[in-house]
Amino acid sequence: WDAPFTKDQISKLSIGISHFPEYGKDLSTLIENAMISLEIAQSAPTSKAVLSKDLADLDHYGQQQHKVLLLDSNKDIQTMLHYGFSLRSFNMKTMTSGIETLDFLRNRTDWGLPDLIILDRELNDMDGVDVLETIHSERLCSAPIVFLSAKCTEEQILRGLKAGAADYVTKPFSLDIFITKCQK
């Protein structure tokens, strides 16, 4: 494919990458090149690419954007999800630690509260289930929380669901299927 990539090509690239997590560093390079290509495509007057660079509350068609808070310590996953959701006109904020996320929700910034929280179980500073339980016990946010995690034993999944998660998706995952589930 020649640059600039189209929205459809980026989607296919993301889906392909999500099925082959063993490529590691190649993932960052591919996504970075795709993002650069999308920025070029968006700046072109004839481009049909839709990418919310400023993360405003309204998309390019004047519709209210849904806010998604992503908590994952893996930068590659963050990048892939941020651009996948942005292409579908979601307003996404990414964070890397449970403490940072809880502080953000407690302080109620100008960004407001999310409509959905995507949460990894394996964080650098705490288990994602502890973050979920704190959000619920302190009533920080009423948005549904979806786990996206490599922890995939039946016991781990059940612990997340019993703690109050709306869904539990295991890695590796299909980006398109995951975003479609989150849109419902």
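That block above? That's the structure.
A. Focus on the packing of helix α4 (residues 98–107) against helix α5 (residues 128–137). The contact between α4 and α5 brings their axes to 10 Å, and the two run at 15°. Our classification of the angle between α4 and α5 gives roughly parallel. The two elements α4 and α5 cross, and the hand of that crossing is right-handed. Note on element contacts: α5 touches α4 through Val131, Thr134 and Ile135, opposite Gly98, Leu102, Leu105 and Arg106. The residue makeup of the contact of α4 with α5, split by class, is 4 nonpolar, 2 polar and 1 charged.

B. Just the pairing of strand β5 (residues 167–170), in detail. Bridge count for strand β4 (residues 145–149) against β5 is 4 bridges, and the pairing is parallel. Among the inter-strand pairings, phenylalanine 147 is bridged to a residue of β5, identified as tyrosine 168.

C. Main features of unusual backbone geometry. Of note, the bond from lysine 171 into proline 172 is cis; its omega dihedral lies within 30 degrees of zero at -5°. With respect to the element layout, proline 172 can be found in the loop between β5 and α7 (175–183). Even without glycine at this site, arginine 139 takes up a positive phi of about 50°. Relative to the helices and strands, arginine 139 resides in the loop between α5 and β4.

Rules of the game
- Residues numbered from 1 in each chain as written.
- Predicted model: local features only at pLDDT ≥ 70, side-chain atom pairs only at ≥ 80, totals over all residues.
- Heavy atoms only, no water.
- Axes fitted to C-alpha atoms, helices over the stretch in contact; angles between N-to-C directions.
- Helix = DSSP H or I, 4+ residues; strand = E, 2+ residues; numbered from the N terminus.
- Parallel < 35°, antiparallel > 145°, perpendicular 65-115°, else oblique.
- Left-handed = near helix turned anticlockwise from the far one by under 90°.
- Contact = heavy atoms within 4.5 Å.
- Nonpolar A, V, L, I, M, F, W, Y, C, P; charged D, E, K, R; others polar.
- Pairing = 2+ DSSP bridges.

By themselves, these figures tell us nothing about what the structure is for.
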